[in-house]
Every structure is written in structure tokens, then in C-alpha cells.
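# Structural overview
One letter stands for each residue in the lines below.
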Amino acid sequence: DPELNKVKSIVTKFISEALCLPTPIAWVLFRKLFRKLTTQRPVVSLENVAMVSRACSIDDTTLISVLAFYHELGAFLHYADISSLKDVVIAQPKWLIKHLGTILAPEQSGNSRKGRKRAWELLRKYGILVEALYDELWKTDFPDCEMKPQSFADLLDHFLLITEINPITISVPSNYGKTYFMPCVLPVCPNDVMVAPPDAVLTAAPLHLTFSSKYVPPGFFVRLATVMSSTPGFSIDFKRGVYSNSITFQYGEDEQNGRIDDIRISATQFSIRVDIVRRS
């Protein structure tokens, strides 16, 4: 097909001219040597990585640039701006992605785990992830890993998948440590629940957020809910139910007459709906 060949030539030209970057021989040698030395070690300390780079005639100052370069390529990962991860290099990105998706998978809360029952209940029912749970899981699954348990939470926080909160309306044991909201683990909201509360005294017309793509980008709602959860003045109304596609927030409080606003955000396939309700 001549049209297909035309497209192929355009793509090939783009790759060869725009994507190919000149790479120092020492950097290429470092990548090959580093891969061979880390086939059985998914996470390596930055100190050990520096030893490999020096063997390839790369000084410690240049090493940061090398790690940033290969981080962008996805060859291995180094999060210099995350305090609990800046001293390690993730040599096997696939290992990290696999375990981030499975360590808190729904089936893990069954008999295969002997963890804290209340901690699992908080996670599955309210999307509340506590430090005691991820600390226990990480130490059980990765006892010899260079990464610390807090790195797990910090990484999720970095990608706006969780945010630290103070859940006022939910009882969380004081010895559970830090408390995060993690909406991506919640079930989908039934259609009949996505309505305004019955005690509304004033309801504004709903606001619809639409996108040029004609549909809500995957993962957008979770990140929106996470950011709103950490915004001053907003608190999650767990009593009205929390879901992966619908969450109600309480905003503001008038001490004189007790007025407070409900702000409910709900995701459909094509838009984000925002309902604002003033209730007594």
C-alpha cells in the first residue's frame, strides 16, 4: 500500500531525526554494565550505583544527569525529588509497576493476608490507607529491599494517587500512624446514589467539566479527588459514601447558623459533574 509506505517513511524520519540523541560511550557502557549487575536486584542503593559509574569513568556530579537521562527513557528509575527514594535506583521498572498494582490488590485482603482487619476494612470501605498496613505489607513482601516502606506511600503521593488527610468522621486507631486517602481502590458508585442529598435547602445548577477528547481521561477523576481532598477547607463526607467515581466533600462552616456546603463530584464517561448544595 503506497499510503502505508508514506506513513512508514514519515515515522522513520521522525524517529531518526527527532528522537535519536547523541549518547556518550561511557553512558552506554554504564547502562549495559549496570543491567548485568542488577539482574537479581530490582532496587540498588545510590552508593553502589556510583561505584559502577566510576568504573565507567563517570564522576558523581555527572551521574545525576545520567540517571535523569535513563529515567526519562524508562530504562531505570531515580526519583531525586522524593526524599525517601533519592538514595536508591530502581533497576527494574517492571518490578515496581507489578508490585505497586498487586501489593494492595482486592484479593490480598482475604485469608492470604494476616494483616490488621480494621486497616483492611478502612481501605476497602473508605479508601483510607494507614501507615501500619503498608508498613506491614512491605516488610512481609520485600524484607531485603533497599526501599523503605514509606517509599511506597511517597511514590503514590508523587503521582497524586493518595494524599494525607485527617478523616474527622471516621474512627482510625491512633497507633495506625499516617492516614492517606486512596480513591482508586474504591468501588464504582451506583447510579441511584449519584443524586443531591435530601436535606438540601438550596441547590445550584450542576457544573459539567468536559474535555476536548470528548471523554474523561483515564485516571483524571482519581487525581482530581486526591487534590481536592488535600485542599484547605475541604473534608470528605464519608457518611454519604465514597466511590472511585463519586465523592462528596464538605466545604466551609458558619458557626452562627451551622451552614455548610456539600460539593459532590461525579464522573461519567463523558464529563465530570459538580453538584453544590447548601444544606441546613
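Report on the accompanying structure. Residues take numbers from 1 onward in each chain, read along the sequence in its written order. Predicted model: local features are reported for residues with pLDDT of at least 70 only, side-chain atom pairs are reported and counted for 80 or more only, and whole-chain, interface and lining totals are derived from all residues. Water and hydrogen atoms play no part in the side-chain values, which are based on all heavy atoms of the structure.

### Examining the overall build of the protein chain
Note on conventions: DSSP H or I runs of at least 4 residues are helices, E runs of at least 2 residues are strands, and numbering of each starts at the N terminus. Along its length, the protein chain carries nine helices and eleven strands. Here the protein chain holds 280 residues, and 41% of them are scored as buried. Any two residues whose heavy atoms approach within 4.5 Å are treated as being in contact. When contacts within the protein chain are restricted to residue pairs at least 6 apart in sequence, those whose partners lie at least 24 apart make up 59%. Only the protein chains shown count as covering a residue, and every accessible area follows the Shrake-Rupley method with a 1.4 Å probe. Carbon and sulfur atoms provide 56% of the accessible area of the protein chain, an area that totals close to 16,400 Å². Only protein chains enter the accessibility calculation, which uses a 1.4 Å probe; a residue is then buried when its area is under 20% of its type maximum, exposed when over 50%, and partly exposed in between.

### What about the pairing of strand β9 (residues 246-251)?
Counting buried positions along β9 gives five out of six residues, so the element sits mostly inside the fold. Direction of pairing for strand β8 (residues 234-236) relative to β9: antiparallel, over a ladder of three bridges. Paired with I236 across the bridge in β9 is F249. Of the pairings in the sheet, the one linking β9 to strand β10 (residues 260-267) comprises six bridges and is antiparallel in character. When the bridges of β10 are listed, Y251 appears paired with D261. Strand pairing follows a simple DSSP-based rule, namely that at least 2 bridges must link the two strands.

### Looking at the packing of helix α2 (residues 25-37) against helix α3 (residues 46-55)
Packing of α2 against α3 brings their axes to within 9 Å, and their N-to-C directions diverge by 135°. When the axis of α2 is compared with that of α3, the two are oblique. When you trace α2 past α3, the crossing you get is right-handed. The segment α2 lies against α3, with F30, L33, F34 and L37 engaging V49, V52 and S53. Looking at the contact of α2 with α3, its residues break down into six nonpolar, one polar and no charged. Interaxial angles span 0 to 180 degrees and are taken between N-to-C directions of axes, which are lines fitted to C-alpha atoms, for helices over the stretch in contact. Working definition: roughly parallel below 35 degrees, roughly antiparallel above 145 degrees, roughly perpendicular at 65 to 115 degrees, and oblique for all remaining angles. In a left-handed crossing the near helix is turned counterclockwise from the far helix by less than a right angle, and in a right-handed crossing that turn is clockwise. Basically, the charged four are Asp, Glu, Lys and Arg, the nonpolar ten are Ala, Val, Leu, Ile, Met, Phe, Trp, Tyr, Cys and Pro, and anything else, Gly included, counts as polar.

### Quick look at α2
Under the 1.5 Å per step criterion, the end-to-end length of α2 is 18 Å for 13 residues, consistent within 8% with the ideal 18 Å. Within α2, burial applies to W27, F30 and F34. Projected down its long axis, α2 shows its buried positions confined to an angular sector of 55°, all on one face. Turned more than 90 degrees away from the buried face of α2, the exposed residues are I25, K32 and K36. Contacts from the buried residues of α2 go to β1 (43-45), α3, α4 (60-73) and β2 (88-90). Here the expected span of a helix is defined as 1.5 Å times the quantity of residues minus one. This arc is built from the directions going out from the helix axis to the C-beta atoms.

### As for the nonpolar core
Judged by nonpolar contacts, the single largest core of 51 residues is most densely connected at L129, L133, M147, I236, F238, I247 and I265. Grouped together as the second largest cluster of nonpolar side chains are 19 residues, V49, I58, F69 and V89 included. Grouping buried Ala, Val, Leu, Ile, Met, Phe, Trp, Tyr and Cys residues that are joined through side-chain atoms within 4.5 Å yields what is termed a nonpolar core.

### Topic: the side chain of S151
When you line up the elements, S151 lands in helix α8 (residues 149-158). Residues in contact with S151, not counting those within four places in the same chain, are S84 and L85.

### Focus: the packing of aromatic side chains
Only rings of Phe, Tyr and Trp enter the pairing, Trp through its six-membered ring, and a pair is recorded when the two centres are within 6.5 Å. The plane angle decides the type: under 30 degrees is stacked, over 60 is edge-to-face, the rest tilted. A complete count under the given rule lists 15 aromatic pairs for this structure. Their ring planes at 65° and their centres at 5.0 Å tell us that F34 and F76 sit as a pair that is edge-to-face. Of this pair, F34 sits in helix α2 while F76 sits in the loop between α4 and β2, and the two are 42 residues apart along the sequence. Take F76: its relative accessible area is 1%, and that puts it in the buried class.

### Concerning helix α6 (residues 117-126)
For α6, the complete set of buried residues consists of A119, W120, L122, L123 and Y126. Turning to α6, the residues buried within the fold contact β3 (128-130), α7 (131-141) and β5 (179-181). Of the residues trailing α6, G127 is marked for its positive phi of about 70°.

### Re the sheet that holds strand β4 (residues 163-164)
To summarise the sheet geometry, strands pair through backbone hydrogen bonds and adopt either a parallel or an antiparallel arrangement. The strand order across the open sheet built from three strands is β3-β5-β4, with neighbouring strands paired in antiparallel fashion. One side of each edge strand has no neighbouring strand; the edge strands of this open sheet are β3 and β4. Relative to β5, β3 runs antiparallel, the two sharing three bridges. Counted as the bridge partner of V130 is T179 from β5.

### Focus: the environment of A204
Among the secondary structure elements, A204 is positioned in the loop between β6 (200-203) and β7 (207-209). In this structure the C-alpha to C-alpha distance between A204 and D275, which are 71 residues apart in sequence, comes to 7.0 Å.

### Digging into the pattern of salt bridges
The rule for a salt bridge is simple: a side-chain nitrogen of Lys or Arg has to be within 4 Å of a carboxyl oxygen of Asp or Glu. Inspection of every chain in the model, using the stated rule, returns seven salt bridges. Between R240 and D237 there is a salt bridge, with the nearest N and O atoms lying 3.0 Å from each other. The partner of R273 in a salt bridge is D275, and the shortest N-O contact between them spans 2.8 Å. A relative accessible area of 33% means that R273 is categorised as partly exposed. Classification of D275 by relative accessible area gives buried; the value is 9%.

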